[in-house]
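# Structure at a glance
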Amino acid sequence: MGHMLGDTVMDILARQHRMRGRPTLWVPGLDAAGLATQVEVRRRLLKQGTLLEDLPRAQALAEIEKWREEHERRIVLQARAGGFSLDWSRFRYSMDPGCVRATREVFLRLYRDGLLYRGERMINWDPKLRTAISDLEVIHADEEATLLYVRYPWADGRPGGIEVATVRPETIFGDVAVAVHPEDPRHAADVGRRVRVPLTGRVVPVVADPAIDPTFGAGALKVTPRHDLVDYEVAQRHPELASPPDILDDRARLAGPWVPPAYQGLEIGAAREKAIEELDAGGLLVRQEPYRHSVARSERSDAPVEPRISTQWFVRMQGLAAPVVGAVRRGEIRIHPDRWERTFFRWMEGIQDWCISRQVLWGHAIPVYYCQTCGRETVAVEPPRECAHCGARDLRADPDVLDTWFTSWLWPFLALGWPDRTADLERYYPTNVLVTGRDIMFFWVARMMMAGYYFTGARPFADVCFTGMLRDAHGHRMSKHLGNSPDPLDVMREWGADAMRFGLVFPNPTDEDGQFGPATLEGARNFLTKTWNLARFTLAYVPPGTAAPVGPPPIGPASALENRWILSRFRRTSEEVDRALEEFAPTRAATALHGFVWHDLADRYVEIAKDALGGKRGEAAQREARATLLFVVERCLRRLHPFVPHVTEELWHALPHSGDLLATAPWPAPTEAPADPPSEIEMESVLEAIRLLRNLRSEEHIPPEMIPRAWIRPAGPEIARVLAAERTTVERLARVRGVSLLEREAPVPDGVGSRVAPLGECYLERPPATISETRALEREREKLAGLLAKARGRLEDAGFRARAPPEVVRDVEGKARDLEERIRRIDEHLKMGASPPSTP
């Protein structure tokens, strides 16, 4: 569903640009999703009782390819069912032959330019899948744990030692130091001393480092550089420390020369329990306490991620990042919404080298070959037959594959045929717009910017539009992995593609996180039904042979107010829609269209214009109303088309139209309709009068069959003029009769309910009260009189006024005044014999 959100926003932009007559290309494509795909295949095989890792390489790859083909068909079917206007003749797959060649050429160029290197770095390791994973594939969540306070004895044999807090006692075998903050007075005298590592007997120093948080535990940290990023950085700043071996293997089992025999091969949980028992037995476990902390887990396998120093391939990123930061600061590339710029700059300016190698089967092979004779490496686009350095033929290919993003970061120009100078590349690159989720801002978007400037010398796109995250009814992020994201095909079968599309952009802003479910879809379907019924209603007033509207009918001061008003409102709405889409705010555009079509056009204009449409105001008024309705409805279908293409295409063909497809019809210009602000002000007075009188009908409990008389005392002469001219409309829609406009000094009519508003004062004839209503009023008066007596008694009590806080006294005084007013109104109604008043 997240892809459906992004695709819907992209299609809105693409269809609108196409209708504006601009050359518009939207290239469809799929990436290999290396690790993610392999995880899904592994999961499917496990259900069949087979472990992917037990299969021969060729068979495992065949299973992955089978899964890919199935899901490619399904993804394409989802996109086609959604009505996304992609150019399927240009479909690309990130492992097609052209992409393979481009990926290998990029690797070679970066290698030759000194931006690629192979080395040891701290990476995220998934011990279940046994591969390095990107930061994107790591989920951080708070979990309950036990914080242990362990005493590291002084190496010189003196009593005591230094207290170290840890949640991972099983990694104690990899410790090379204990670190404290240099400004922590508790440990100032300890720096430079040596301690003995529990369970090992090894002696390590106490060092000072500013990375240590003195408020954590007792202010001392065990330094295990092979298995913690902070510890690794501490060790880098202290080259005098020993260089330890790994103490965990690739399955996160204890192993290595520093691990005692009794712990070799133990999994982390078992090793932790054993370490706690031995520390306690040795008198080194000072205390334990519950502790909640952030734990990193693999999004793909849910296994706890192990920071691990590993030999991997990396891209040097700082030099690639600098031009991109400058481009965004200059506005050469714009980020929407711009609140994400600060996050973007913070990450870009602190960028780390990118680990691009993965220890999985599925992906682009790393194009590196190691000579078994001279030991040097050869990097080549095509597999070499001999070593580039010594000519030997005994070469071993690098066993790893490239991170999926290493191909995806080339997408804006790769999809257009790069590295060849194709016609598409010449015409459409640089591209205009990228729409994507903000969760891959760094891992895809920023890298595409870097690749664009480095490999083509130009920005890859001018605007980046970030969408938010869809959430389920419980507020959880929708995810295929979590299983709470419905299949878009199922959603479309139940609700329709257009209801899904509109529900994705309205009412929740596309750039914010929001819930998506049946309530949203039902609202979208109701809007489509409203639009459908509006078009059917319009058809009833379109005589056979009516031509497609080339513009609105001639409108002048003598034209009906409702026609002048709806055309002016259409122009104002059109301007807001265009402005919103230019600013990449599709929800704002959808909101404007929804409000105009549902409320202004269907609920107000159609009801007001029914008499004219039916010929009750004469032939000229009928022609003008029918032409106005057809013009506005036809243009609304055009403006709605990018949002809901299926329904609008169908309805447009049912109406008089010009052209073969609504999809290629011209985008209507706001200036087609005349701007008439006075008519909007005048109509607001009419609509306000109708609202006030309808509310009075409800408050006064007037039965549906009764048509009461009404009076209005206008607030000014201009309002009086408008209401006099539109008296028939007010009477018909408010279901009242004989609306009289009162002069300023005229008395209030007898037996009426009233409302006061900026428009003026409205009065409505009340029906005679029934016996039961009168008795109910008398009971209510008796109850209120008792409450008033109590309030007055408190206020007359001098002691109450002296002791109570002023705000309490004011509260009782206010209640007394309210009760007096309510009793006064009941007395008035009882005197008039009218129906019960509403509570003010």
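Residues numbered from 1 in each chain as written. Predicted model: local features only at pLDDT ≥ 70, side-chain atom pairs only at ≥ 80, totals over all residues. Heavy atoms only, no water.

Overall, mixed pairing links the 4 strands, which are arranged E8-E9-E7-E10 in an open sheet. Every interior strand has two partners, whereas the edge strands, strand E8 (194-196) and strand E10 (220-223), have only one. Averaged over all pairs of adjacent strands, the angle between their axes in this sheet comes to 30°, without regard to strand direction. Bridge count for strand E7 (residues 177-180) against strand E9 (residues 203-208) is 3 bridges, and the pairing is parallel. When the bridges of E9 are listed, Ala 179 appears paired with Val 207. (Pairing = 2+ DSSP bridges. Helix = DSSP H or I, 4+ residues; strand = E, 2+ residues; numbered from the N terminus. Axes fitted to C-alpha atoms, helices over the stretch in contact; angles between N-to-C directions.)

Turning next to helix H21 (residues 717-725). Listing the buried residues of H21 in full gives Ile 719, Val 722 and Leu 723. Projected onto a plane normal to the axis of H21, the buried residues spread over an arc of 95° and lie on a single side. Exposed residues on H21 whose side chains face more than 90 degrees from its buried face are Pro 717 and Ala 725. Those residues of H21 that are buried lie in contact with helix H20 (677-699), strand E24 (709-714), helix H22 (727-734) and strand E25 (737-741). (Buried < 20%, exposed > 50% of the residue type's maximum accessible area, 1.4 Å probe, protein only. Arc of directions from axis to C-beta. Contact = heavy atoms within 4.5 Å.)

Here we come to the nonpolar core. The nonpolar side chains of a soluble globular protein tend to be buried, and buried together. Within the largest apolar cluster, 102 residues are counted, with the highest numbers of intra-cluster contacts made by Met 1, Met 500, Leu 601, Val 632, Phe 643 and Leu 693. Broken down by element, the residue count for this core peaks at 14 residues, all from helix H17 (residues 586-613). Beyond its immediate sequence surroundings of up to four residues, Met 1 is in contact with Leu 470, Met 478, Ser 485, Pro 486, Pro 488, Val 491, Met 500, Leu 504 and Phe 516. Leu 108, Leu 402, Leu 434 and Met 449 belong to the second-largest nonpolar core, a separate cluster that totals 64 residues. (Core = buried A, V, L, I, M, F, W, Y, C linked by side-chain atoms within 4.5 Å.)

Moving on: the packing of H17 against H22. Put simply, H17 and H22 touch, their axes get as near as 10 Å, and they point 115° apart. In the packing of H17 onto H22, the handedness of the crossing is right-handed. In contact with Glu 607, Ile 608, Lys 610 and Asp 611 of H17, H22 contributes Thr 729, Arg 732 and Leu 733. In terms of residue class, the contact of H17 with H22 is built from 2 nonpolar, 1 polar and 4 charged. (Left-handed = near helix turned anticlockwise from the far one by under 90°. Nonpolar A, V, L, I, M, F, W, Y, C, P; charged D, E, K, R; others polar.)

This structure, assessed with the given rule, holds 75 salt bridges. Here Arg 501 and Asp 11 are joined by a salt bridge, their closest N and O atoms 2.8 Å apart. Of this pair, Arg 501 sits in helix H14 (residues 497-505) while Asp 11 sits in helix H1 (residues 2-19), and the two are 490 residues apart along the sequence. Across the pair, Asp 11 and Arg 501 agree in class, each one buried. Residues joined in a network through salt bridges with shared partners are Arg 564, Asp 676, Glu 682, Glu 718 and Arg 721. (Salt bridge = Lys/Arg side-chain N within 4 Å of Asp/Glu carboxyl O.)

Attention now moves to the confidence of the model for the protein. Of the residues in the protein, 98% reach a pLDDT of 70 or more, and the chain-wide mean stands at 93. Contacts from residues 834-840, a stretch scored under 50 in pLDDT, to residues over four places away or in other chains number 23 contacts. (pLDDT = per-residue confidence, 0-100.)

Along the chain, Thr 520 turns up in helix H15 (residues 518-539). Accessibility expressed as a relative area gives 17% for Thr 520, which makes it buried. A C-alpha to C-alpha distance of 45 Å links Thr 520 and Val 812, two positions 292 residues apart in sequence. When sequence neighbours within four positions are dropped, the list of residues in contact with Thr 520 reads Gly 503, Phe 506, Pro 507 and Gln 515.

Here we take up helix H18 (residues 619-640). Under the 1.5 Å per step criterion, the end-to-end length of H18 is 31 Å for 22 residues, consistent within 8% with the ideal 32 Å. The element H18 is extensively covered by neighbouring structure, given that 16 of its 22 residues are classed as buried. (Expected span 1.5 Å × (residues − 1).)

Packed helices, taken two at a time, are described by the angle their axes make and the gap between the axes. Where H17 meets H18, the axes come as close as 10 Å, and the angle between the chain directions of the two elements is 165°. Judged by the angle between their axes, H17 and H18 are roughly antiparallel. Like other packed secondary-structure pairs, H17 and H18 cross with a definite hand, here left-handed. Contacts between H17 and H18 pair Leu 593, Phe 596, Val 597, Leu 601, Tyr 605, Val 606, Ala 612 and Leu 613 from the former with Ala 621, Gln 622, Ala 625, Arg 626, Thr 628, Leu 629, Val 632, Val 633, Cys 636, Arg 639 and Leu 640 from the latter. (Parallel < 35°, antiparallel > 145°, perpendicular 65-115°, else oblique.)

Turning next to the side chain of Gln 16. The topology assignment puts Gln 16 in helix H1. Note on Gln 16: relative accessible area 2%, which makes it buried. What Gln 16 contacts, discounting residues up to four positions off in sequence, is Asp 578, Leu 581, Pro 642 and Trp 667.

Right, let's talk about the sheet that holds strand E18 (residues 395-397) for a bit. Judged by pairing direction, the sheet is antiparallel, and its 3 strands sit side by side in the order E17-E16-E18 without closing on themselves. Every other strand in the sheet has two partners, leaving strand E17 (377-379) and E18 as the edge strands with one partner each. The mean angle between the axes of side-by-side strands here comes to 30°, regardless of whether they run parallel or antiparallel. Of the strand pairs in this sheet, strand E16 (residues 368-371) and E18 are connected by 3 bridges, and their pairing is antiparallel. Paired with Tyr 369 across the bridge in E18 is Ala 397. Sheet contacts for helix H4 (residues 97-112): E16 and E17; angle to E17, the most-contacted strand, approximately 125°.

For the structure on display, the rule yields 25 aromatic pairs. Centroid distance Trp 409 to Phe 455: 5.9 Å. Interplanar angle 85°. Geometry classified as edge-to-face. One end of the pair, Trp 409, is in the loop between helix H9 (405-408) and helix H10 (411-414); the other, Phe 455, is in helix H12 (residues 441-456), and 46 residues separate them in sequence. Exposure remark for Phe 455: the relative accessible area of 8% places this residue in the buried category. Between the aromatic rings of Phe 413 and Trp 418, the centroid separation amounts to 5.0 Å while the plane-to-plane angle is 80°, which identifies the pairing as edge-to-face. Overall, the relative accessible area of 0% leaves Phe 413 in the buried class. Residue Trp 418 is classed as buried on the basis of its relative accessible area, which comes to 11%. A network of ring pairs unites the aromatic residues Phe 107, Tyr 111, Trp 313, Trp 354, Phe 406, Trp 409, Phe 413, Trp 418, Tyr 429, Tyr 454 and Phe 455 as a single cluster. Directly above the ring of Tyr 149 sits Arg 287, whose terminal nitrogen or CZ lies 3.7 Å from the centroid. (Phe/Tyr/Trp six-rings, centres within 6.5 Å; stacked < 30°, edge-to-face > 60°. Lys NZ or Arg CZ within 6 Å of the ring centre and 35° of its normal.)

Let us now look at the environment of Ala 802. Take Ala 802: it is sitting in helix H24 (residues 798-803). For Ala 802, a relative accessible area of 66% gives the class exposed. Between the C-alpha atoms of Ala 802 and Ala 669, which are 133 residues apart in sequence, the distance is 71 Å.

Of all 10 residues in strand E12 (residues 306-315), 8 are buried, a share of seventy percent or more. Looking at chain direction, strand E3 (residues 116-126) and E12 are connected through 10 bridges and run antiparallel. Pairing of Arg 121 across the sheet is with Ser 310, part of E12. Across 2 bridges, E12 lies against strand E14 (residues 354-355) in antiparallel orientation. Following the sheet pairing, Val 315 is matched in E14 by Trp 354.

The omega torsion of the bond from His 336 to Pro 337 falls at -5°, within 30 degrees of zero and hence cis. Structurally, the position occupied by Pro 337 is in the loop between strand E13 (334-336) and helix H8 (341-349). With an omega dihedral of 15°, the bond running from Trp 418 to Pro 419 counts as a cis peptide bond. When you line up the elements, Pro 419 lands in the loop between H10 and helix H11 (423-428). Although it is not a glycine, Leu 199 sits at a positive phi angle of roughly 70°. Within the secondary structure, Leu 199 sits in the loop between E8 and E9. Assessed through its relative accessible area of 25%, Leu 199 is described here as partly exposed. Of note in the backbone geometry, His 701 takes a positive phi value of approximately 55° without being a glycine. By relative accessible area, which is 52% here, His 701 ends up exposed.

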